[in-house]
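Here's the letter readout for the chains.
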Amino acid sequence: MLSSLTRPRALAVCALPVLALFAVAGLAPLPFVVAQPGMTADVLGEHQGTQVITISGAPTRRTEGELRMTTIVATGPAADVDLGDVADGWFRTDRAVLPRDAVYPAGKSEKEIERHNVEDMEESQDVATRAALSYVGEDPAKVKVSLDLADVGGPSAGLLFSLGIIDKLEGDGSGGDLTGGRSIAGTGTISADGKVGAVGGVSLKTQAARRDGATVFLVPKDECSDAQAELPEGMRLIPVTTLKGAVESLRSLEKGGKVPSC
């Protein structure tokens, strides 16, 4: 049949199935999620009208400055992400395209994933409290800490929760604030013995932090390169591996001493 067609017409006929394939691919849902900078919250203050950290059983201090935990927002596990969404995400600095399975557990419903994230957050809060009280030498049987951060799931605020508790209990240890009055943001999981763990989306979290006024960002050391990828102007990165190291870095920053950098 093609022998009876002119070459341009033959090429046009051959191209039709290819164009149709691209059209279908462009509309078909793909196994990705698109993430962007999310909200931040000052753990030293209030969030949605409720104090984030409340401590009883030990004297607390008035704090200045901010310790902002950071988040990302991703399309849901059931959301349709097509080729256009992926292409748009690749070429924007305030978007990230991630494999769906890297963000959400496979085979779980949205309600199951939401419940899992809430459980992760609750466990993270308990661990962050133990790590902070251990650091300041307070007895968890006598000192009670309540952490309240609505509509946020996952364990990545652990480091900031611990730092917030420490700042409210003892500040920098010399009568000043751990923040030095600055707006400091960060991310990282925390273990009961004070080790800081890696999290995802740090390049988006630095953007959220800068948008909300932070000038310093505490980042798990292993994720320094990711944090530097789209680092906003005016944002200083401080790599951390332990809670003790994070406190020492903030104290040095306040006093104008030597502070590690990525």
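Model, not experiment: these values are computed from the prediction. (Residues numbered from 1 in each chain as written. Predicted model: local features only at pLDDT ≥ 70, side-chain atom pairs only at ≥ 80, totals over all residues. Heavy atoms only, no water.)

K.L.:
For this particular structure, what's the right way to read the environment of Asp-177?
P.N.:
Among the structural elements, Asp-177 can be located in the loop between helix H5 (158-170) and strand E8 (183-186). With a relative accessible area of 12%, Asp-177 lands in the buried category. Considered as a pair, Asp-177 and Glu-66 are 111 residues apart in the sequence and their alpha carbons are 9.9 Å apart. Among all residues touching Asp-177, those that are not within four sequence positions of it are Arg-61, Arg-62, Thr-63, Glu-64, Asp-167, Asp-172 and Glu-254. For Asp-177, the side chain forms a polar contact with the side chain of Arg-61, separated by 3.1 Å. (Helix = DSSP H or I, 4+ residues; strand = E, 2+ residues; numbered from the N terminus. Buried < 20%, exposed > 50% of the residue type's maximum accessible area, 1.4 Å probe, protein only. Contact = heavy atoms within 4.5 Å. Polar contact = N/O pair within 3.5 Å; in protein donor to acceptor, adjacent residues only side chain to side chain.)

K.L.:
What am I meant to see in the pairing of strand E12 (residues 236-240) here?
P.N.:
Burial runs high along E12: 4 of the 5 residues are buried. In terms of strand pairing, strand E11 (residues 216-220) meets E12 through 5 bridges, oriented parallel. From the neighbouring strand, Pro-220 faces E12, where its bridge partner is Val-240. Viewed along the sheet, the connection from E11 through helix H7 (residues 224-229) into E12 turns out right-handed. (Pairing = 2+ DSSP bridges. Right-handed = clockwise from strand over helix to strand, strands pointing away.)

K.L.:
Please explain the sheet that holds E11 as it appears in this structure.
P.N.:
Think of a sheet as strands paired side by side through backbone hydrogen bonds, with each pair either parallel or antiparallel. Reading across the sheet, the 6 strands line up as E6-E1-E5-E8-E11-E12 and stay open at both edges, with mixed pairing between neighbours. This sheet does not close on itself; its edge strands, each paired only once, are strand E6 (96-99) and E12. Along the sheet, successive strands turn relative to each other by an average axial angle of 35°, direction set aside. Strands strand E1 (32-42), strand E5 (66-74), E6, E8, E11 and E12 of the sheet are contacted by helix H6 (residues 202-211), whose axis makes an angle of about 40° with E1. Where helix H8 (residues 243-255) meets the sheet, it contacts E8, E11 and E12, and its direction lies at approximately 145° from that of E12. (Axes fitted to C-alpha atoms, helices over the stretch in contact; angles between N-to-C directions.)

K.L.:
For this particular structure, what's the right way to read the pattern of salt bridges?
P.N.:
Under the definition given, this model contains 8 salt bridges. With its nearest N and O atoms 3.4 Å apart, the salt bridge here joins Arg-61 to Asp-167. Taken as a pair, Arg-61 in the loop between strand E4 (53-56) and E5 and Asp-167 in helix H5 lie far apart in primary sequence, 106 residues in all. In this structure, Glu-66 and Arg-68 form a salt bridge, with 3.1 Å as the shortest nitrogen-oxygen distance. Residues joined in a network through salt bridges with shared partners are Arg-61, Asp-167 and Asp-177. (Salt bridge = Lys/Arg side-chain N within 4 Å of Asp/Glu carboxyl O.)

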